[in-house]
Amino acid sequence: MMLGQAAKKALGLTSRQSTPWPVGIYRSYHENVIDHYDNPRNVGSFDKNDPTVGTGLVGAPACGDVMKLQIKVDEKTGQIVDARFKTFGCGSAIASSSVATEWVKGKAMEDVLTIKNTEIAKHLSLPPVKLHCSMLAEDAIKAAVKDYKEKRVKTNGAAAAGDTTQA
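Not measured: the values here are computed from a predicted model. Every residue gets a number counted from 1 within its own chain, in the order that chain's sequence is written. Since the coordinates come from a predicted model, pLDDT governs what is reported: local features require at least 70, and pairs of side-chain atoms require 80 or more to be given and counted, while whole-chain, interface and lining totals use all residues. Hydrogens are left out, water is left out, and the side-chain values use all remaining heavy atoms of the structure.

Undergrad: Residue-level account of the state of the cysteines, with values.
TA: Disulfides are defined as pairs of cysteine sulfur atoms found within 2.5 Å of each other. Here the structure, examined in full by the defined rule, presents zero disulfides. Counting only cysteine sulfurs, C133 is the nearest neighbor of C63, a cysteine outside any disulfide, at a range of 6.1 Å. The buried label applies to any residue whose accessible area, calculated with a 1.4 Å probe on protein chains only, is under 20% of its type's maximum; exposed applies above 50%, and partly exposed to all values in between. For C63, a relative accessible area of 39% corresponds to the partly exposed category.

Have a look at this one:
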């Protein structure tokens, strides 16, 4: 135990910090990024075939980041009642996904479309080289809402096609 503490001290890490990055790299990330990376919120996924779930899958070929963000919507109110994500990418991409899922919960679908990547980037204090991560999060939110709406049209269209009653 003492050896581990000595190693953390030598690297400039406190006992709370679990990532063994060199001091210069670790300190270049804002505490909000580190918090969402070390303790990501809402990791996981829903059944993509669930009609109340919208799935957004986006990627950035230049850096290899891939983000899947899902929303679960209360069909009666249109409110997003839950959100999940799975992200393959850097710490900033994971943190952006985590923040996005927290911000969409409890909001109406139309309201989440106003969440901008610049707000996520500002909250996480992302450097310019990492702005694409917050852009992915914004795109994933929009893609999830679009997917949900498309499912609703298909479901309602199928219901309408099966409806033989006349007004």
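The rest of the description comes next.
Undergrad: So what's going on with the pattern of salt bridges? Residues and values would help.
TA: Should the charged atoms of two oppositely charged side chains come close, the side chains can pair. By definition, a salt bridge exists where a carboxyl oxygen of Asp or Glu is found within 4 Å of a side-chain nitrogen of Lys or Arg. Going through the model one piece at a time under the given rule, you end up with eight salt bridges. We note a salt bridge from D82 to R84, for which the minimum N-O separation is 3.2 Å. A residue is classified by how much of its surface remains accessible, and D82, at 17% relative accessible area, is buried. Using a relative accessible area of 22% as the deciding quantity, one classes R84 as partly exposed. The salt bridge involving E110 is made with K149; its shortest N-O contact spans 2.6 Å. Placement of the pair is E110 in helix α5 (residues 109-112) and K149 in helix α7 (residues 131-162), with a sequence separation of 39 residues. By the criteria applied, helices consist of DSSP H or I runs no shorter than four residues and strands consist of E runs no shorter than two, each listed in order from the N terminus.

Undergrad: Outline a nonpolar patch on the surface, supporting the account with residue identities and numerical values.
TA: Where nonpolar side chains cluster on the molecular surface, the patch consists of L57, V66 and F88 and spans about 340 Å² of accessible area. Judged by relative accessible area, F88 falls into the exposed class, the value being 63%. Candidate patch residues must exceed 30% relative accessible area and have no salt bridge, after which like charges are joined if within 9 Å and Val, Leu, Ile, Met, Phe, Trp or Tyr side chains if within 5 Å. Each accessible area value is a Shrake-Rupley result obtained with a 1.4 Å probe; residue values ignore everything except the protein chains displayed when judging cover.

Undergrad: For the nonpolar core, give the residues involved together with the corresponding values.
TA: Residues grouped as a nonpolar core are buried Ala, Val, Leu, Ile, Met, Phe, Trp, Tyr and Cys residues, joined through side-chain atoms within 4.5 Å. If you look at the biggest cluster of nonpolar residues, it comprises 27 residues, and the most contacted ones within it are I71 and V104. Breaking this core down by element, the ones donating at least two residues are β1 (53-60), β2 (65-73), β3 (80-88), α4 (91-104), α5, α6 (117-124) and α7. The dominant element in this core, judged by the number of residues it contributes, is α7, at seven residues. With residues up to four places along the chain from it excluded, the contact list for I71 reads F46, T52, V53, G54, I80, D82, A83, V104, M109, A144 and V145. In what follows, residue pairs with any heavy atoms lying within 4.5 Å of each other are defined as contacts.

Undergrad: Pulling in residues and values, what's your account of the sheet that holds β2?
TA: By the convention used here, strands pair only if DSSP detects at least 2 bridges between them. As summarised here, the arrangement of the three strands in space is β1-β2-β3, forming an open sheet in which the pairing is antiparallel. Strands at the two margins of the open sheet, each flanked by one partner only, are β1 and β3. Neighbouring strand axes in the sheet, compared pairwise and without regard to direction, differ in orientation by 15 degrees on average. Axis angles are defined between N-to-C directions and span 0 to 180 degrees, where every axis is a line fitted to C-alpha atoms and, for a helix, only to the segment in contact. Together, β2 and β3 form the strand contacts of α4, whose direction differs from that of β3 by roughly 175 degrees.

Undergrad: Would you mind going over the packing of helix α3 (residues 31-38) against α4 in detail, with residue names and values included?
TA: Relative placement of two packed helices is described by the angle separating their axes and the distance separating the axes. Look at α3 against α4: their axes get within 8 Å of each other, and the N-to-C directions meet at 80 degrees. Considering the angle they form, α3 stands roughly perpendicular to α4. Judged by residue contacts, V33, H36 and Y37 of α3 engage G91, S92, I94, A95, S98, V99 and E102 from α4. Between 65 and 115 degrees an angle is taken as roughly perpendicular, under 35 as roughly parallel, over 145 as roughly antiparallel, and anywhere else as oblique.

Undergrad: Kindly report on the environment of E102, identifying the contributing residues and their values.
TA: Along the chain, E102 falls in helix α4. Here E102 falls in the partly exposed class, since its relative accessible area comes to 36%. Between the C-alpha atom of E102 and that of D82, which follows or precedes it by 20 residues, the distance is 8.8 Å. When neighbours within four sequence positions are excluded, E102 is seen to be in contact with H36, R41 and N42.

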